[in-house]
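Each chain, letter by letter, is given below.
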Amino acid sequence: MTQDLTALTLEDVPALTDLMNAIDAHEGFGEPAEEPSMREWLTMPDLDLATDSVAVREDGRLIAAGLLDVGASLDRDGRVRCQLMGGVHPERRRRGLGTAVLDRLETRAAALAAQRHPGSSAVLRCGGGRDPQEEAEPRGGVDVRPVLDRRGYTRVRSWFEMRRELRGEAGAGLTELAGADVPGVSLRSPSAADREPTRLAHDAAFTDHWGSAPIPADRWAGWWDGHTSRHEHSSIAVDDRGTILAYALTQEDRPGHLHVGLVGTRPEARGRGLARAVLARSLASGRAAGYEEAQLEVDTESLTGATRLYEAVGFTRASVYATYEKPVATA
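Reference entry: report on the structure contained in this document. (Residues numbered from 1 in each chain as written. Predicted model: local features only at pLDDT ≥ 70, side-chain atom pairs only at ≥ 80, totals over all residues. Heavy atoms only, no water.)

### With respect to the overall build of the protein chain
Phase 1 of the analysis: Helix and strand content of the protein chain: 10 helices and 12 strands.
Phase 2 of the analysis: Taken over C-alpha atoms, the radius of gyration comes to 20 Å for the protein chain, in line with the 20 Å a tight globule of 331 residues would show.
Phase 3 of the analysis: Considering only C-alpha atoms, the protein chain reaches an extent of 65 × 45 × 35 Å along its principal axes.
Phase 4 of the analysis: Taken over 331 residues, the protein chain has a buried fraction of 50%.
Phase 5 of the analysis: A separation of at least 24 residues holds for 74% of the contacts in the protein chain among residues at least 6 apart in sequence.
Phase 6 of the analysis: For the protein chain, the accessible area works out to roughly 15300 Å², and carbon and sulfur atoms hold 51% of it.
Phase 7 of the analysis: Side-chain charges of the protein chain comprise 40 positive and 51 negative groups, with the mean position of each set lying 3 Å from the other. (Helix = DSSP H or I, 4+ residues; strand = E, 2+ residues; numbered from the N terminus. Rg over C-alpha atoms; globule rule 2.2 N^0.38 Å. Buried < 20%, exposed > 50% of the residue type's maximum accessible area, 1.4 Å probe, protein only. Contact = heavy atoms within 4.5 Å. Areas by Shrake-Rupley, 256 points an atom, 1.4 Å probe, with all protein chains shown as cover. Lys, Arg positive; Asp, Glu negative; His and termini not counted. Charge placed at Lys NZ, Arg CZ, Asp CG, Glu CD.)

### Things to note about the state of the cysteines
Phase 1 of the analysis: Applying the stated criterion across every chain, the model contains zero disulfides.
Phase 2 of the analysis: Here Cys82 is not disulfide-linked; the sulfur of Cys126 is the nearest cysteine sulfur, at 10 Å. (Disulfide = S-S within 2.5 Å.)

### Thoughts on the environment of Thr17
Phase 1 of the analysis: If you trace the backbone, Thr17 turns up in helix α1 (residues 13-27).
Phase 2 of the analysis: For Thr17, a relative accessible area of 6% corresponds to the buried category.
Phase 3 of the analysis: Taking the C-alpha atoms as reference points, Thr17 and Gly129, 112 residues apart in sequence, are found 18 Å from one another.
Phase 4 of the analysis: Residues within four places of Thr17 in sequence aside, it is in contact with Ala33, Glu34, Glu35 and Met38.

### Here we look at unusual backbone geometry
Phase 1 of the analysis: You will see that Asp46, though not glycine, has its phi angle at about 70°, which is positive.
Phase 2 of the analysis: Position of Asp46 among the secondary structure elements: in the loop between α2 (35-42) and α3 (49-52).
Phase 3 of the analysis: Phi at Asp59 takes a positive value of approximately 50°, unusual for a residue other than glycine.
Phase 4 of the analysis: Mapped onto the elements, Asp59 comes out in the loop between β2 (53-58) and β3 (61-70).

### A short note on the packing of helix α7 (residues 195-205) against helix α8 (residues 217-224)
Phase 1 of the analysis: One can describe the packing of α7 onto α8 by two numbers: an axis separation of 10 Å at closest approach and a directional angle of 110°. As summarised for this structure, α7 and α8 are arranged roughly perpendicular, according to the angle between their axes. Between α7 and α8 lies a crossing of right-handed hand. For the pair α7 and α8, contact is made by Arg195, Glu196, Thr198, Arg199 and His202 and by Ala217, Trp220, Ala221 and Trp224, respectively.
Phase 2 of the analysis: Grouping the constituent residues of the contact of α7 with α8 by class yields four nonpolar, two polar and three charged. (Axes fitted to C-alpha atoms, helices over the stretch in contact; angles between N-to-C directions. Parallel < 35°, antiparallel > 145°, perpendicular 65-115°, else oblique. Left-handed = near helix turned anticlockwise from the far one by under 90°. Nonpolar A, V, L, I, M, F, W, Y, C, P; charged D, E, K, R; others polar.)

### Details of the pairing of strand β4 (residues 80-88)
Phase 1 of the analysis: Note that β3 and β4 share seven bridges and pair antiparallel. Paired with Asp69 across the two strands is Gln83, which belongs to β4.
Phase 2 of the analysis: As paired elements, β4 and strand β5 (residues 122-130) share five bridges and run parallel to each other. Its bridge partner lying in β5, Cys82 is registered against Leu124.
Phase 3 of the analysis: In this fold, β4 hands off to helix α4 (residues 97-116), which returns the chain to β5; that crossover is right-handed. (Pairing = 2+ DSSP bridges. Right-handed = clockwise from strand over helix to strand, strands pointing away.)

### Observations regarding the environment of Leu8
Phase 1 of the analysis: Considering the arrangement of structural elements, one finds Leu8 in the loop between β1 (3-6) and α1.
Phase 2 of the analysis: As for Leu8 and Ala193, which are separated by 185 residues in sequence, their C-alpha atoms are 34 Å apart.
Phase 3 of the analysis: Leaving out residues up to four positions away in the same chain, Leu8 has contacts with Leu42, Leu49, Ser53, Val54, Ala55, Arg57, Leu62, Ala65, Gly66 and Leu67.

### Let's talk about the nonpolar core
Phase 1 of the analysis: Counting residues in hydrophobic clusters, the biggest one holds 30 residues, and the most contacted among them are Met162, Val263, Leu274, Leu279, Leu283, Tyr310 and Phe315.
Phase 2 of the analysis: Taken together, the elements giving at least two residues each to this core come down to β6 (154-165), β9 (244-254), β10 (257-265), α9 (274-288), β11 (293-299) and α10 (306-312).
Phase 3 of the analysis: Sort the elements by how many residues they give to this core and α9 lands first, with seven residues.
Phase 4 of the analysis: Sequence-distant contacts of Leu283, that is, excluding residues within four places in its chain, are made with Arg164, Leu166, Leu174, Ala294, Val313 and Phe315.
Phase 5 of the analysis: With 26 residues, the next largest nonpolar core counts Val70, Leu124, Val147 and Tyr324 among its residues. (Core = buried A, V, L, I, M, F, W, Y, C linked by side-chain atoms within 4.5 Å.)

Here's what the structure looks like:
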């Protein structure tokens, strides 16, 4: 068998989808990939596939892939975030392919971070998979973590995946909860004209969050207009001056499952129940549309009390995922 280490191209969308689905099935995430999502992934702004991606092919078959996303803005700690993404086919692991992909991406990350943000410190960031919940369950992050440990990465953050049933008795009470009035604020679904104001609200809301950085308008537009976005079930809280104070933005990554991708409140508007109001409205909308459940992710160390908020509206903790980091070596 012959192996080639090259770059991804848009022609790889079907093969990349198959690769990501093989990884998902092996690790039991239950988050199958779709070709439109893979195409959006490969066409992110500021991404040069020729230099910022890796493809490992064996006799023409894609068996491993990686992608690099270097932040356009510094995070709250003045660092350049270099996100490394991808994976190795379960049948081709423990052959050094993950190491080869990381070697290529780490080298490129260091060069690109220095080019975009001269003199700033940079960090490499990788997903560390899911914590096994019991011995008999799928591997989760077991395969990737030893590789990251050997390369000097450390676990820096954990994230709860939380879920809430929307149908049947479990969804009862959502309509009443969503009807709670917040004085001086109107709740509605966002329109196309709300895209940029919502981005500004999000940047303000996440200024004090770990690892956050302002999102460029073109990157936000790609996410906002993505094929999984469900604006009809998203919610924004708007004051009498037209300022968006809080938001809950939803997607449909899997049929029947409403993913609450982002929830936030401007710092000056916190403590008024706005996050609860927009979240409850979106959940009630999803229930009315026939969704089975809602899902979201939250930083386990969030200083805003987000976990308590989600539990208060019926979410329960389902899984724990890890983020790993290491500093980019300086010359």
